[in-house]
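A closer look at the structure
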Amino acid sequence: MTHLSHPVSAPHGVRPRGPRVRHLPARLMATAFMTVLAATLTGGATVYGASAIESVIPSLVPKAELPAAPDSEVNVSYAPDVPPPSGRTQPAIVDVHFEVVENVTVIDPATGVEYQTWGYRIDGDDAVHTGTPGPMIRARVGDVLRFTITNPETNSMPHNVDFHAVTGQGGGAADTTVTPGMTATIEARLLYPGMFMYHCAFGDVPLHISHGMHGGILVDPAEPLPAVDRELYMVQSELYTTGTETGLVETDRQAVTDEQPTFVVFNGAKGALIGDNAPRIQVGERMRIYFINAGLNLDSNFHPIGSHWDVVYPEAALLNAPLRGSQTTLVPAGGGTVVELVGQVPSAIILVDHALARAFDKGAIGQIIVEGDPNPEIFEAISIG
Ligand SMILES: [Cu+2]
C-alpha cells in the first residue's frame, strides 16, 4: 500500500497535539527542507504541511485498491432522517447521484406562501418535489466520494455543488457545473471528519443558496461517535421574498444584499419540525442532531428551550473533544455543529435560533417531543395563581 500522506492515529475525543509552532525561521526552513529531503530519499510523496504540526489526515488507501461501499450501506437520506452508521472500519468508494430540482414549494403551510425553490434530490426520485434541504450524505473519513450530478433537460439554468468536505478547486464546483441536460462526476477524498455544508456555487451564488440549494454531508471519524437512540438532520436557512402573503412570492434580491430575510426556517419550510412533524423520543433517550447553518447571511444561536446541549462538538469538527452542558451554541453561516440532548422529563423541547425574532416572527422554530413518566426530582410544578 502506498501511503500518500502521513499516517497518524488521532482517536476520537483526543485533541491532536503537535510540536509548538514557535520556531525560529531558520529552524522552520531546516525542518521543511528535511521533510522534503526525506520524502525524496524514500521515494514517498511529499507530506505537505506536516513539518510543523502533526497531520490529522489518515493514511490514504489508493483509489485503485478501494472497494465499493457494500450494497446494504445507506449513504443518503432526506431531512430529518440520518443514514444509519455504516459500521465500516475500512475506507471505501461511496457513490452518490443527485439530480437538481427546480420546483414551486409551499414554504409556509399555515398561510399557503409558495416560492420557487431550487435544490437537490436523489437521482430519479420523482416522488420528491422539493430539494430543500438537499439529502444528507453519510460517509467515512478516508473514503472517496464519487459524486454525480444530473441537471434534467426540463430545468432552466446551470447548477453545481461546492462541498465543504471536499479538498480541491471550489469544493468541486467548477467540475460539477451542469447546464440542463448535462451530467458530471467527480471523485473526492474525504480527509477530515465532521458535518459539512454543501451548496450550489454557480453564477449569482447568494441567489442560488437562498433559493434552497444547500445540504449537509457527514464524514464519520475513523473511530465512530458513540451510538445514540436517535439521530436527526437539520438545516437552518433564510428566504428573501417580496412578501409573506398567501400565494407565490418572488425573490427580493436587494433583501439578500441587505441581509434581511423574510423567513428563517429549519429544513426548508416553516413548521417542518412542529406538531405532527416533530421528532419524538422517550424519557432517558439521547438524541444527536447534525446541524448545518446554510445561511445565507445570519449566524445561528442554536438553543433547546427547556433542555441543554448535553454534548456539543463545536463547528462539527469531530477530531476534537466535545463541550458538555452548553445552553446555546453559535453556528456560523456556512458551518455546522453536532449536538446531543437527553430527554430527562416529558416535555416539548423547543429548538430555536435564540435571536428570537427569527424563531417567533420568521419561522426558525422546531420541537422534540419527549414522552414518558414525569420525574419530580428534576421538574415539578408546585403552585400557580
Ligand atoms: Cu444552483
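So, here's what we can say about the structure.

Criteria and thresholds
- Sequence positions are assigned chain by chain, starting from 1 and proceeding in written order.
- For a predicted model such as this one, the threshold for reporting local features is a pLDDT of at least 70, and the threshold for listing and counting side-chain atom pairs is 80 or more; totals across whole chains, interfaces and linings nevertheless cover every residue.
- Strands here mean DSSP runs of E at least two residues long; helices mean DSSP runs of H or I at least four residues long; both are numbered from the N terminus.
- With C-beta atoms placed from the backbone, a residue is labelled by how many other C-beta atoms lie within 10 Å of its own: buried for 20 or more, exposed for 12 or fewer, partly exposed between the two.
- We call two residues in contact if the C-beta atoms placed from their backbones are at most 7 Å apart.
- Paired strands, as defined in this entry, are two strands with at least two bridges between them according to DSSP.
- Between the N-to-C directions of two axes lies an angle of 0 to 180 degrees, each axis being a line fitted to C-alpha atoms and, for a helix, fitted only over the stretch in contact.

**Quick look at the overall build of the chain**
In terms of regular secondary structure, the chain is built from four helices and 21 strands. Residue burial in the chain is summarised as follows: out of 385 residues, 42% are buried. Taking all contacts inside the chain whose residues are at least 6 apart in sequence as the whole, residues at least 24 apart take part in 71%.

**Topic: the sheet that holds strand 19 (residues 335-342)**
With respect to topology, six strands assemble into an open sheet ordered 12-10-14-19-16-17, the strand pairing being mixed. Looking at which strands have only one partner, the edges of the open sheet turn out to be strand 12 (263-266) and strand 17 (323-326). On average, each strand axis in the sheet is tilted by 25° relative to the strand beside it, whichever way the strands run.

**Digging into the sheet that holds strand 5 (residues 144-150)**
Strands belonging to one sheet form pairs held by backbone hydrogen bonds; the direction of such a pair is parallel or antiparallel. A sheet is described by the order of its strands in space; here five strands give the open sequence 7-5-2-3-11, paired in mixed fashion. Strand pairing shows two members of the sheet lacking a second neighbour, strand 7 (183-189) and strand 11 (247-249), which therefore form its edges. Here the strands of the sheet are splayed against their neighbours by 35° on average, with no regard to which way each runs. Pairing between strand 2 (residues 93-108) and strand 5: seven bridges, direction parallel. The residue of strand 5 that forms the bridge with Phe-98 is Ile-149.

**So, the pairing of strand 3 (residues 113-122)**
Among the ten residues that make up strand 3, seven are buried, leaving the element largely enclosed by the rest of the structure. Across ten bridges, the pairing between strand 2 and strand 3 is antiparallel. Bridge pairing links Val-100 to Tyr-120 in strand 3. The turn joining strand 2 and strand 3, which pair antiparallel and follow one another in sequence, is formed by four residues; a positive phi near 80° is taken by Gly-112.

Read these as spatial facts, not as claims about activity.
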